[in-house]
Structure formats: C-alpha cells, structure tokens
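Next come the chains, spelled out residue by residue.
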Amino acid sequence: MMGADLERWRLILGPAAERHTGGLGPENAARDAALDWLYSRGDDLGKRDVRRGGARGDRGGGDEPSILTTIDWLDGIHRLFPKETIERLERDAVERYEIHDVLTDPDVLARIEPNPALLKAVLRTKHLMNPQVLAAARRIVEEVVRRLVEKLSVEVRTVFTGSRNRRPSRHRRARDFDLKRTLQGNLKHYRPEERRVAIERPHFHSRTSKRLEQWQLVLLVDQSGSMTSSVIHSAVTAACLYALPGLKTHLVAFDTSVVDMTSEVDDPVELLMKVQLGGGTDIAKAVDYAAGLIENPRRSIVALITDFYEGGNANRLVHTVKQLCQQGTQVLGLAALDEEANPVYDREMAGRLAAQGAHIGAMTPSHLVEFVAERLGT
C-alpha cells in the first residue's frame, strides 16, 4: 500500500492505527489536528483522557502544537480542506458541539464563511448578542439571504413571465425562436453544396401571460424553534413574490401570539433580524387572523407553514380551515418550506386538515412559487 493511502487510513482510524500505518506528513498532521480539535469533544471526554480543545492529556513543556483557538482553527480549515468539508466542519462546530465563540466573538464572525447553518444559528442566538456581535452576525444574515433571494428571484421570473405555447407569434424575440418550425418551413431552401438551410422566414412562439389580477397570498409561518429553516425561506419567498403586480402578499409569524410582518416583507434581512424564534404554538389563532385578512375568498391562498403540533384549540383550527375551504379559499399546509423539504410533523392533525379540503405537503420555495402560479392562472 502506498504512503498516501496509509496516511488516509491513519486519518480515518485515528492515532491508535499509527503502529500499522505509520505517521502523518506535515499537511495531513495539520488536518488531523484540526479534526481532533473539533471531534475530540463529547460525553466520553474524560474516559478518553482528552482535554477540551483537542489536546490529549497534559502536554506539559513538550514540543507538540499548542491548543488551537477558534480563530486559529477557522484559519486552518480554510487552508487545509475543500469548501464542502469546511461547511460541514463549521456546521458541526455550531450545531453539534455548540462552540459559542463562533457566534459571540466578532473576530471569529469576521472570518467565518456565511452559510445556511450559520444563519440558522445566528437567528437562534441573536437575542443573546451584544450590539457589536450582532453587527458582525448581520453580515452572515445579509450574505446568505442575498444568495437565496438571487436564486429564487430567477425562478420567480421564469414562472411568472409566461410560458410558451404552440401558436405562432409576429413578435421576433430571440428567447421565443422556434427552431423546429423554422427548419421545417425552410427545408425547401436547403443548399446541398453548402450543407446549409437558408432561413428566409423564421418562426417564433407566442407566450401566454399569467393572470395576476386580484389575488391575495397569506403566508402564515410557525416561528417555533423546529421551523427555523422554513422561517428563513418564507421570508425570502415572500420578498420575491411581494413585488409581483396583482399579487397582494402578507407574511404573518406566530407562536402563541401573532405578528403581522408584512410591512417588512420587502427587506428579508431586517425581517429575519426581528423574528423571535421559540415559544409555544397556537396555530388556530394564526389561521383565525389569516381568515380576517381575506378580501376575495375565491382569489386567495392561505399557506400555513408549520409542524402541525397544535398547542391551542385543535377543534377551532380544524373548523376555521373547513370554513376557508368551503368559501373557496385555497388552503395549503406545508410541513416544511426549505431546500431539503424533509418534514417532521403531526400527521394526525395534518390528516384532519386534509380531510377538510386543505392541500398538505412539504415543498421547496420554487415548488411553492409554481403552486401559486398555477392557481393564479386559473
């Protein structure tokens, strides 16, 4: 077995394998130290004679590396690992091992790479941050939200600019060029010696526009701790839909109380900085509030984003959803709204709402946009 393969096995198996694999070269030794700094933490730390921070035992005055600080560790992993590994290590540091100085030290926040896991951690802990740390943390919120908005905005434009149909159009636009009909219509002008078709009459598709007039969308977002990802994507989705002509978008957050955040919906960063995660859940109260916002029942969508674990009046929730569906309002119950769309939810309650006419599922933001567009096109 080659030396590089042995070093990889040593990294996988740990120090106990060294008598069989041999030691590590300088670069892999640095990788091993960075991994050890993080993953040597755990409930069995004392049994393994591992000191917090990754150092084994009492190093005393030897020549082994000194204990890493969080800043040293961040600098090291950005030098030693690919981007995907860095994101995993940073996520584990925050979510698995709760290394709080990642979120409480402005110097650490200035170095760390913004990513969705860190955004969730910031939203969960921002109420504990002093103003200086909060200002540094805001950079993470702004950068991750910017990326999410850019991605979803493209999908929103694609869905709502209209779809091509088979009818010809006299409007000559490059994006509507109909290659198949153009070739079929100009084959008589084929030039064998040049192996080319002379295009004398190009053909173009027409487009059908989505009808957006007089529709209303109410996004009800459960801001309990388990719904953090859905809160983030709800804010971004609302911001992208808010600017559409003819679609009146509301964003309402709830736990045991209801907070209408529609006035901040055009600024998802500011909105997320104001969200207060955690607390109980009164879904019935939120749905009652949404019902009071409805102007034209048959041109309204209520999207309820929750895990369906009702802490309020379950029978009232079912009754209000039934009334909304009977009056012609589209009720959409989402157990997750994020890029993963992996829900954990109360299936019994979700089933009760589905029996009253609600559409129940889990969606990515782009699928929610498509759902809204389909309803607006009817």
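Our structure's up above, just so we're on the same page.
Attention in this report is confined to the structure presented alongside it. (Residues numbered from 1 in each chain as written. Predicted model: local features only at pLDDT ≥ 70, side-chain atom pairs only at ≥ 80, totals over all residues. Heavy atoms only, no water.)

Description of the overall build of the protein
At step 1: Along the backbone of the protein there are 16 helices and ten strands.
At step 2: Long-range pairs, those at least 24 residues apart, make up 73% of the contacts in the protein between residues at least 6 apart in sequence.
At step 3: Looking at the protein as shown, the accessible area adds up to about 20,200 Å², and 49% of this sits on carbon and sulfur atoms. (Helix = DSSP H or I, 4+ residues; strand = E, 2+ residues; numbered from the N terminus. Contact = heavy atoms within 4.5 Å. Areas by Shrake-Rupley, 256 points an atom, 1.4 Å probe, with all protein chains shown as cover.)

Here we look at helix 3 (residues 26-39)
At step 1: Its 14 residues place the ends of helix 3 20 Å apart at the C-alpha level, agreeing with the 20 Å of an ideal helix rising 1.5 Å per residue.
At step 2: Looking at helix 3, one finds that the buried residues are Asn-28, Asp-32, Ala-34, Asp-36, Trp-37 and Leu-38. (Expected span 1.5 Å × (residues − 1). Buried < 20%, exposed > 50% of the residue type's maximum accessible area, 1.4 Å probe, protein only.)

Here we look at the pairing of strand 9 (residues 330-337)
At step 1: The buried count for strand 9 comes to seven of eight residues, which makes it a mostly enclosed element.
At step 2: The pairing of strand 8 (residues 300-305) with strand 9 spans five bridges and is classified as parallel. Opposite Ala-303, over in strand 9, you have Leu-332 as the bridge partner.
At step 3: Read as a crossover between parallel neighbours, the route from strand 8 over helix 14 (residues 314-326) to strand 9 is right-handed. (Pairing = 2+ DSSP bridges. Right-handed = clockwise from strand over helix to strand, strands pointing away.)

A closer look at unusual backbone geometry
At step 1: One non-glycine residue, Arg-195, lies in the positive phi region at around 55°.
At step 2: Within the element layout of this structure, Arg-195 appears in the loop between strand 2 (190-191) and strand 3 (196-197).
At step 3: Its identity as a non-glycine residue notwithstanding, Phe-308 has a phi of 70°, on the positive side.
At step 4: Along the chain, Phe-308 falls in the loop between strand 8 and helix 14.

Looking at the sheet that holds strand 6 (residues 247-254)
At step 1: Judged by pairing direction, the sheet is mixed, and its six strands sit side by side in the order 7-6-5-8-9-10 without closing on themselves. Both outer strands of the open sheet, strand 7 (258-260) and strand 10 (359-363), are each paired with one neighbouring strand and no more. Averaged over all pairs of adjacent strands, the angle between their axes in this sheet comes to 25°, without regard to strand direction.
At step 2: In the sheet, strand 5 (residues 215-222) pairs with strand 8 via six bridges, with the strands oriented parallel. For Leu-219, the partnering residue across the bridge sits in strand 8 and is Ala-303. (Axes fitted to C-alpha atoms, helices over the stretch in contact; angles between N-to-C directions.)

With respect to the side chain of Asp-282
At step 1: Relative to the helices and strands, Asp-282 resides in the loop between helix 12 (268-274) and helix 13 (283-293).
At step 2: Among buried charged residues, Asp-282 stands out as having no salt bridge; its nearest opposite-charge side chain is Arg-316, 4.2 Å away.
At step 3: For Asp-282, the side chain forms a polar contact with the main-chain nitrogen of Ala-284, separated by 3.5 Å. (Lys, Arg positive; Asp, Glu negative; His and termini not counted. Salt bridge = Lys/Arg side-chain N within 4 Å of Asp/Glu carboxyl O. Polar contact = N/O pair within 3.5 Å; in protein donor to acceptor, adjacent residues only side chain to side chain.)

Focus: the nonpolar core
At step 1: Counting residues in each nonpolar core, the largest one holds 74 residues, and the members touching the most others are Trp-73 and Phe-160.
At step 2: For this core, the leading source of residues is helix 9 (residues 131-160), giving twelve residues.
At step 3: Phe-254, Val-302, Leu-304 and Met-349 belong to the second largest nonpolar core, which has 26 residues in total. (Core = buried A, V, L, I, M, F, W, Y, C linked by side-chain atoms within 4.5 Å.)

What to know about the environment of Glu-348
At step 1: Among the structural elements, Glu-348 can be located in helix 15 (residues 347-355).
At step 2: Spatially, the C-alpha atom of Glu-348 lies 8.8 Å from that of Phe-308, the residues being 40 residues apart in sequence.

Quick word on the packing of helix 5 (residues 83-96) against helix 8 (residues 116-125)
At step 1: Following both chains from N to C, one finds helix 5 and helix 8 inclined at 25°, their axes separated by 9 Å at the closest point. By the angle between their axes, helix 5 is roughly parallel relative to helix 8. The chirality of how helix 5 crosses helix 8 is left-handed. For the pair helix 5 and helix 8, the contacting residues are Glu-90, Arg-91, Val-94 and Glu-95 in the first and Ala-117, Leu-118, Lys-120, Ala-121 and Arg-124 in the second.
At step 2: Considered class by class, the residues forming the contact of helix 5 with helix 8 number four nonpolar, no polar and five charged. (Parallel < 35°, antiparallel > 145°, perpendicular 65-115°, else oblique. Left-handed = near helix turned anticlockwise from the far one by under 90°. Nonpolar A, V, L, I, M, F, W, Y, C, P; charged D, E, K, R; others polar.)

Some remarks on the packing of aromatic side chains
At step 1: Applying the stated criterion across every chain, the model contains two aromatic pairs.
At step 2: Plain terms: the ring middles of Trp-37 and Trp-73 are 4.8 Å apart, the flat faces sit at 25° to each other, and that makes the pair stacked. Residue Trp-37 is located in helix 3, and its partner Trp-73 is located in helix 4 (residues 70-80); the two are separated by 36 residues in the primary sequence.
At step 3: With a relative accessible area of 3%, Trp-37 lands in the buried category.
At step 4: Ring geometry for Phe-308 against Tyr-345: centres 6.1 Å apart, planes inclined by 65°, an arrangement best described as edge-to-face. Of this pair, Phe-308 sits in the loop between strand 8 and helix 14 while Tyr-345 sits in the loop between strand 9 and helix 15, and the two are 37 residues apart along the sequence. Across the pair, Tyr-345 and Phe-308 agree in class, each one buried. (Phe/Tyr/Trp six-rings, centres within 6.5 Å; stacked < 30°, edge-to-face > 60°.)

Quick notes on the pattern of salt bridges
At step 1: Under the criterion given, the structure shown has 13 salt bridges.
At step 2: One salt bridge connects Arg-147 with Glu-113, and the closest N-O pair in it is separated by 3.1 Å. Here Arg-147, found in helix 9, pairs with Glu-113, found in the loop between helix 7 (106-111) and helix 8; they are 34 residues apart in sequence, far enough to count as distant.
At step 3: Overall, the relative accessible area of 29% leaves Glu-113 in the partly exposed class.
At step 4: Here Glu-194 ties to Arg-191 by a salt bridge, and the two come within 3.8 Å at their closest N and O atoms.
At step 5: According to the relative accessible area criterion, Glu-194 is partly exposed, its value standing at 41%.
At step 6: By sharing partners, the salt bridges in this structure join Glu-113, Glu-143, Arg-146, Arg-147 and Glu-150 into a single network.

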